[in-house]
Amino acid sequence: MVATVSKYLAIIAALAASPALATGLEIDISGKANGTVVIDLFEDVAPKHVEQITALAAEGAYNGVVFHRVIEGFMAQTGDVEFGKADGDTAGAGRGGSDRPDLPAEFSELNFERGIVGMARSQSPNSANSQFFIMFDEGSFLNGQYTVVGKVTSGMDVVDEIKLGTGGNGAVVGTPDQMKAVRVTE
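Residues numbered from 1 in each chain as written. Predicted model: local features only at pLDDT ≥ 70, side-chain atom pairs only at ≥ 80, totals over all residues. Heavy atoms only, no water.

**Student:** How should the pattern of salt bridges be read in this particular structure?
**Tutor:** Side-chain pairs of opposite charge can arise where the charged atoms are in close proximity. Tallying each qualifying case throughout the model produces six salt bridges. As a salt-bridge pair, E26 and R183 come within 3.2 Å of each other at their nearest N and O atoms. Remark: R183 occurs in strand β9 (residues 178-185) and E26 occurs in strand β1 (residues 24-30); sequence separation between them is 157 residues. By relative accessible area, which is 27% here, E26 ends up partly exposed. The exposure class of R183 is partly exposed, given its relative accessible area of 33%. A salt bridge links D28 to R183, with the shortest nitrogen-to-oxygen separation between them at 2.7 Å. A residue pair is termed long-range when its members are at least 10 positions apart, and D28 in strand β1 and R183 in strand β9 qualify at 155 residues. One connected set of salt bridges, linked through shared partners, spans E26, D28 and R183. (Salt bridge = Lys/Arg side-chain N within 4 Å of Asp/Glu carboxyl O. Helix = DSSP H or I, 4+ residues; strand = E, 2+ residues; numbered from the N terminus. Buried < 20%, exposed > 50% of the residue type's maximum accessible area, 1.4 Å probe, protein only.)

Shown next, in the form of structure tokens:
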């Protein structure tokens, strides 16, 4: 009996010491761009941000949210679950968040390069909530200033096709592309 208990404890300890399954997102995009984007989320780099994003995705909060700010050669921003729903008035998209608290910054040594996913925020480094952006190209001026939460592993061709903003500060004019469905993956 003691040997059996010891064996089970050893197995449990080994499982606890092994790396956790990688968490990610699958985002179905529709509009000018159509297709699925797969993102690997970096739980070890930004655990609080990843937890918040995956909770919102699991609740369906991101479904139907538009890409409200898209700047050619820079990034595509989305995730305003408060004002960014495609079936509502998106005029305020980019100003809202979720009903969850803002997050403290989780800066890292990772560089903002093509395909990196970062958290959007206001002037305060500790104001990220639900909005995030996907880099079209390198943006070293963001390094150490914004939280990196993941990287696109499939579907950058879809990201490249997202409708560009032509309004002030990259605001999308007319009907923006949207995240039709967002799923959490393991």
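That was the structure; now back to the text.
**Student:** How should I be thinking about the nonpolar core in this particular structure?
**Tutor:** Inside soluble globular proteins, nonpolar side chains tend to come together where they are buried. In this structure, L25, I27, I29, I39, Y62, I162 and M179 are the most contacted members of the largest nonpolar core, which totals 34 residues. Of all the secondary structure elements, the ones that give two or more residues to this core are β1, β2 (35-41), α2 (47-59), β6 (116-119), β7 (132-135), β8 (148-154), α3 (156-159) and β9. Within the second largest apolar cluster, 10 residues are counted, among which are F42, A120, L142 and V148. (Core = buried A, V, L, I, M, F, W, Y, C linked by side-chain atoms within 4.5 Å.)

**Student:** For this particular structure, what's the right way to read the packing of aromatic side chains?
**Tutor:** Aromatic ring pairs are reported here in terms of the distance separating the ring centres and the angle at which the planes meet. Applying the stated criterion to the full structure yields four aromatic pairs. Where F74 meets F141, the ring centres are 5.6 Å apart and the plane angle is 40 degrees; that geometry is what we call tilted. In this pair, F74 is assigned in the loop between β4 (69-71) and β5 (75-78) and F141 in the loop between β7 and β8, connecting sequence segments 67 residues apart. Residue classification places F141 among the exposed residues on the basis of a relative accessible area of 56%. With a centroid separation of 5.8 Å and 20 degrees between ring planes, the pair formed by F112 and F133 is classed as stacked. Separated by 21 residues along the polypeptide, F112 in the loop between β5 and β6 and F133 in strand β7 bring together distant segments of the chain. Note on F112: relative accessible area 1%, which makes it buried. What links up through ring pairs into an aromatic cluster is the set F112, F133 and Y146. One cation-aromatic arrangement involves R121 over Y146; the distance from NZ or CZ to the ring centre is 4.1 Å. (Phe/Tyr/Trp six-rings, centres within 6.5 Å; stacked < 30°, edge-to-face > 60°. Lys NZ or Arg CZ within 6 Å of the ring centre and 35° of its normal.)

What is shown is where atoms sit, not what they do.
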